[in-house]
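# Reading the structure
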Amino acid sequence: MPQPDISVNDADFHADPYSFYARLRAAGPVHEVEVTAAEYAPTFLVVGYEESRQALNHPGLLKNWTSSEVLPGIATTAANSNMLEADPPHHTRLRRLVAREFTLRRVQAMRPRVQQITDELLDAMAARPQRTADLIKALAFPLPMTVIGELLGVPDLDRERFGYWSKEVLAPTSVTPSTTAHQKLGDYLAELVEAKAKDPGEDLLSALIRTRDEDGDALSPNELIGMAFLLLIAGHETTVNLISNGTRALLAHPDQLAALRADYDGLLDGAVEEMLRYDGPVQNTTYRYARADMELGGTAIPAGATVLVSLAGADRDPGRYEAPDAFDIRRAPQGHLAFGHGLHFCIGAPLARMEGRIALRGLLERFPDLAEDPAEEAPTYIGGSLIRGVTRLPVRW
């Protein structure tokens, strides 16, 4: 089989990457792939479920790209000082300090506010006389952006600029590696951290500035910028796509939608998990780098090679899920990898789940005749191989 190029922005691939991953998986769980116009060489894509779990928690696969030669000439910024781009013991230290403040209790305390924001956004949708809207602009984007902004104590976040920078970080429009968006976003967040240090509140960013562990350790200024960068991007982008991808899946499966409408209390939590498994918000992970020669899924991976884990491919593995291409809100999709696995499991998963449940239930209850708008053009998907989602979701009711 020739090496597939996973960086080509092919419309057919973005519309249905799962068939591509299925063909690869049928030939084996790990494959060397091409990454056009990039410095990565060689690159391996993991599409099997068990192999993906192994790779996600493998001590021989590093996340700190500055320790490798894969991006020569690319400078780091303060935004890179986050735990997603760190390895133990540095990652362990960063996660411990953040976890002291970003607790389940803090997340649960936001539930009434998340419900209020959702209701206000749905009220604005319902007031539209044309009874149509782009669900991304109307609900899926402003809800998590407002929530994460308020959680971090930045209610006046410049959403338009931040949304652009965030997309450039996750789905860059240029195939040439660049840290321009990282730098601009880092500069913006540096000002926020400085302002919070001078005038702290009860928000998460202020708490992260204040927090100390038992040994008196604290986050440095650059680490605070890196954590704010990670929490802001990861805290909104995954939820945008959870809401929009989940809505599309339900509308495309009217029997599943009818079952959910008939029993929200019994089926909603499982439905959100199935949405995450079936068409999750993150298609492939960020890069890992082989510390030494290793073997994964029967494939030899040389030292210095880059490894991508396909969460989308793993969560459709028939070796893990029966009829994996079927959308079934009654299935038990426990163990899906939509939020990762192991050391780098998404620390914001409880918040994303809560927002997804509240938003989807509110949307479906408020609009019983909700449907995709057939008058609009075919959906345009977010570019790149990292994020899985659409740029617009026209709906009518």
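Attention here is on the structure that accompanies the text. (Residues numbered from 1 in each chain as written. Predicted model: local features only at pLDDT ≥ 70, side-chain atom pairs only at ≥ 80, totals over all residues. Heavy atoms only, no water.)

## Structural notes on the overall build of the protein chain
Threshold: Numbering of helices and strands runs from the N terminus; a helix is a DSSP stretch of H or I covering at least four residues, while a strand is a stretch of E covering at least two. Burial here depends on accessible area, computed with a 1.4 Å probe over protein chains only, as a share of the maximum for the residue type. Under 20% is buried, over 50% is exposed, and the range in between is partly exposed. Using the Shrake-Rupley algorithm and a 1.4 Å probe, accessible areas are obtained, with residue cover drawn only from the displayed protein chains.
Broken down by element type, the protein chain carries 16 helices and 10 strands. Residues classed as buried in the protein chain amount to 56% of the 397 residues present. As displayed, the protein chain has an accessible area near 17000 Å², and 51% of this comes from carbon and sulfur atoms.

## Some points on the sheet that holds strand 5 (residues 288–290)
Here is the rule: Each pair of strands is called paired provided DSSP finds at least two bridges between the two strands.
Judged by pairing direction, the sheet is mixed, and its 5 strands sit side by side in the order 1-2-8-5-3 without closing on themselves. At either margin of the open sheet sits one strand with a lone partner, and together these are strand 1 (30–33) and strand 3 (61–62). Sheet analysis places strand 5 next to strand 8 (residues 306–309), joined by 2 bridges and oriented antiparallel. Looking across to strand 8, one finds that Arg288 is bridged to Val307.

## With respect to the packing of helix 6 (residues 111–126) against helix 8 (residues 142–151)
Our working rule: Only C-alpha atoms enter the line fits that serve as axes; for helices the fit covers just the stretch in contact. Angles between N-to-C directions range over 0 to 180 degrees. A crossing counts as left-handed when the near helix is turned anticlockwise from the far one by less than a right angle, and as right-handed when that turn is clockwise. The contact definition used throughout considers only heavy atoms, calling two residues in contact when any of these lie within 4.5 Å. Residues are grouped as follows: Ala, Val, Leu, Ile, Met, Phe, Trp, Tyr, Cys and Pro are nonpolar; Asp, Glu, Lys and Arg are charged; every other residue, Gly included, is polar.
Look at helix 6 against helix 8: their axes get within 10 Å of each other, and the N-to-C directions meet at 145°. The handedness of the crossing between helix 6 and helix 8 is right-handed. Across the interface between the two elements, Arg113, Val114, Ile117, Thr118 and Leu121 of helix 6 pack against Pro142, Leu143, Thr146, Val147 and Glu150 of helix 8. Across the contact of helix 6 with helix 8, the residue classes break down as 6 nonpolar, 2 polar and 2 charged.

## Some thoughts on the environment of Asn284
For clarity, the threshold we go by: Polar contact criterion, stated in full: a pair of N or O atoms within 3.5 Å, where within protein one must be able to donate a hydrogen and the other to accept it, and residues adjacent in sequence count only if both atoms are side-chain atoms.
Inspection of the secondary structure assignment puts Asn284 in the loop between helix 14 (264–278) and strand 5. For Asn284, a relative accessible area of 1% translates into the label buried. It is 9.3 Å that separates the C-alpha atoms of Asn284 and Val46, two residues lying 238 residues apart in sequence. If we skip the residues at most four places from it in the chain, Asn284 touches Tyr21, Leu45, Val309, Ser310, Leu311, Ser385 and Leu386. One polar contact links Asn284 to Tyr21, side chain to side chain, over a distance of 3.1 Å.

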